[in-house]
Amino acid sequence: MNCISVYTKNFELFSDIYEQVLESPPEENEDIVVEGITVSGSGDVPEQYIERMRVKPEVVVMRDKERNIMILQHGNVFEICLPSEEEQAV
């Protein structure tokens, strides 16, 4: 899964820029600023990472079922985990 990190703990701000981030996500290792919020292309993460994060009590897990997107929120960051092109083809 490809991961995009959004550095804010404010859910309302995250919600405001979510669609904009998905429309033009940063490249891997690229930082962009969207409405004053830093957004980073974190690259690929293994499926095990998501499973490990899910069981932590300090992590909130959300899912966009229509697009098969997992969103992890912990500390001051939201991680948007998108299926890779290979995963979408399956």
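About the cut-offs
- Residues numbered from 1 in each chain as written.
- Predicted model: local features only at pLDDT ≥ 70, side-chain atom pairs only at ≥ 80, totals over all residues.
- Heavy atoms only, no water.
- Pairing = 2+ DSSP bridges.
- Helix = DSSP H or I, 4+ residues; strand = E, 2+ residues; numbered from the N terminus.
- Axes fitted to C-alpha atoms, helices over the stretch in contact; angles between N-to-C directions.
- Contact = heavy atoms within 4.5 Å.
- Phe/Tyr/Trp six-rings, centres within 6.5 Å; stacked < 30°, edge-to-face > 60°.

An unreviewed UniProt entry annotates the protein as NAD/NADP transhydrogenase alpha subunit of Paenibacillus endophyticus.

**Details of the sheet that holds strand β4 (residues 60–64)**
Taken in spatial order, the 6 strands line up as β2-β3-β1-β6-β5-β4 in an open sheet, and their pairing is antiparallel. Bordering the open sheet on either side are β2 (31–34) and β4, each of which pairs with just one other strand. Sheet twist, expressed as the mean angle between neighbouring strand axes with direction ignored, is 25°. Helix α1 (residues 11–23) rests against β1 (2–6), β2, β3 (37–44), β4, β5 (69–74) and β6 (77–82) of the sheet, and its axis sits at about 30° to β6.

**Looking at the pairing of β4**
Look at any regular strand and the pattern is simple: side chains alternate between the two faces of the sheet. Alignment of β4 against β5, held across 5 bridges, turns out to be antiparallel. Paired with Met62 across the bridge in β5 is Ile71. If you look at the hairpin formed by β4 and β5, you'll find 4 residues sitting between the two strands, and Asn68 has a positive phi there, around 55°.

**Remarks on the environment of Glu19**
Relative to the elements of secondary structure, Glu19 occurs in helix α1. In the structure, Glu19 is positioned 63 residues away from Leu82 in sequence and 13 Å away in space, judged by C-alpha atoms.

**Focus: the packing of aromatic side chains**
The relative placement of two aromatic rings is captured by the distance of their centres and the angle of their planes. Counting across every chain of the model gives 4 aromatic pairs. Measuring from ring centre to ring centre gives 6.4 Å for Phe11 and Phe14, while their planes differ by 40°; the resulting arrangement is tilted. Taken together, the residues span about one helical turn, with Phe11 and Phe14 both in helix α1 at a distance of 3 residues. Both rings, one in Phe11 and one in Phe78, keep their centres 6.1 Å apart while their planes meet at 45°; by these two values the pair is tilted. Of this pair, Phe11 sits in helix α1 while Phe78 sits in strand β6; the two residues are 67 residues apart in sequence, bridging distant segments of the chain.

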